[in-house]
Amino acid sequence: MVDNVIPRIVVCEDKDSVSYSISGDINAEFVWPHAIDAGDRMIRINLKGVQYINSVGVKNWLRTFPFNAKKVELFEVNVHVMDAFNMAPAMQLGCQIKSFFVPVYCENCEEKFELIQTKDIDFSGETKIQLKPCSCGLMPQIDTDLDMYLTCIGEDAREAS
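Residues numbered from 1 in each chain as written. Predicted model: local features only at pLDDT ≥ 70, side-chain atom pairs only at ≥ 80, totals over all residues. Heavy atoms only, no water.

(A) Representation of the overall build of the chain in the model. Broken down by element type, the chain carries four helices and ten strands. Along the chain, helices and strands appear, N-terminal first, in the series β-β-β-α-β-α-β-β-β-β-β-β-α-α. Relative to its length of 161 residues, the chain is compact, with a C-alpha radius of gyration of 16 Å against a globular reference of 15 Å. Across the 161 residues that make up the chain, the buried fraction comes to 41%. For the chain, the exposed area adds up to about 9,400 Å²; of that, 50% sits on carbon and sulfur atoms. Within the chain, the 24 negative side-chain charges are centred at a point lying 7 Å from the centre of the 15 positive side-chain charges. (Helix = DSSP H or I, 4+ residues; strand = E, 2+ residues; numbered from the N terminus. Rg over C-alpha atoms; globule rule 2.2 N^0.38 Å. Buried < 20%, exposed > 50% of the residue type's maximum accessible area, 1.4 Å probe, protein only. Areas by Shrake-Rupley, 256 points an atom, 1.4 Å probe, with all protein chains shown as cover. Lys, Arg positive; Asp, Glu negative; His and termini not counted. Charge placed at Lys NZ, Arg CZ, Asp CG, Glu CD.)

(B) Summary view of the side chain of E73. In this fold, E73 is placed in strand 4 (residues 72-75). Residue class for E73 comes out buried when judged on its relative accessible area of 11%. A distance of 3.2 Å separates the side chain of E73 from the side chain of R44, its partner in a polar contact. Beyond its immediate chain neighbours, meaning those up to four positions away, E73 contacts M42, I43, R44, I45, Q96 and K98. (Polar contact = N/O pair within 3.5 Å; in protein donor to acceptor, adjacent residues only side chain to side chain. Contact = heavy atoms within 4.5 Å.)

(C) Inspection of the environment of D83 at higher detail. Among the structural elements, D83 can be located in helix 2 (residues 79-87). D83 sits 30 residues away from I53 along the chain, and the two C-alpha atoms are 9.3 Å apart.

(D) Main features of unusual backbone geometry. Within the chain, E76 stands out as a residue other than glycine whose phi angle is a positive 50°. Within the secondary structure layout, E76 lies in the loop between strand 4 and helix 2.

Just geometry here; none of it tells us what the structure is for.
So, in structure tokens, the structure goes:
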């Protein structure tokens, strides 16, 4: 029997921002909570805890997204969500991806994921990401078509580099 992980959303507020941390799957059970009145505060959404997103999850994300016309920053976006953003760009609704995981391959450790800050990507010419050495000491290689993988990164992020 497969366990269905019901998505959990934790909300934290401070004077500058309202932060949402999502854990679990974004699927048929996923519904955004009503948005807290953020005023001029930044909305930050951390997606590190998301293990999986399916097509119904994409639909529910779009259908219940409460942050239209707000500035929203997305952090620690995993590979599955990056794929969903690439397939359904409307999911971003003006959001800016600030950090995301990219699949890398190390000959010694095999496949894993490295957290990248969008501000650290060089979009001038051929897209480049400076990777850190793996914990085993070898230099990992990006294990995806980087330009294709990053189509969901907006033009403002590309122009900022």
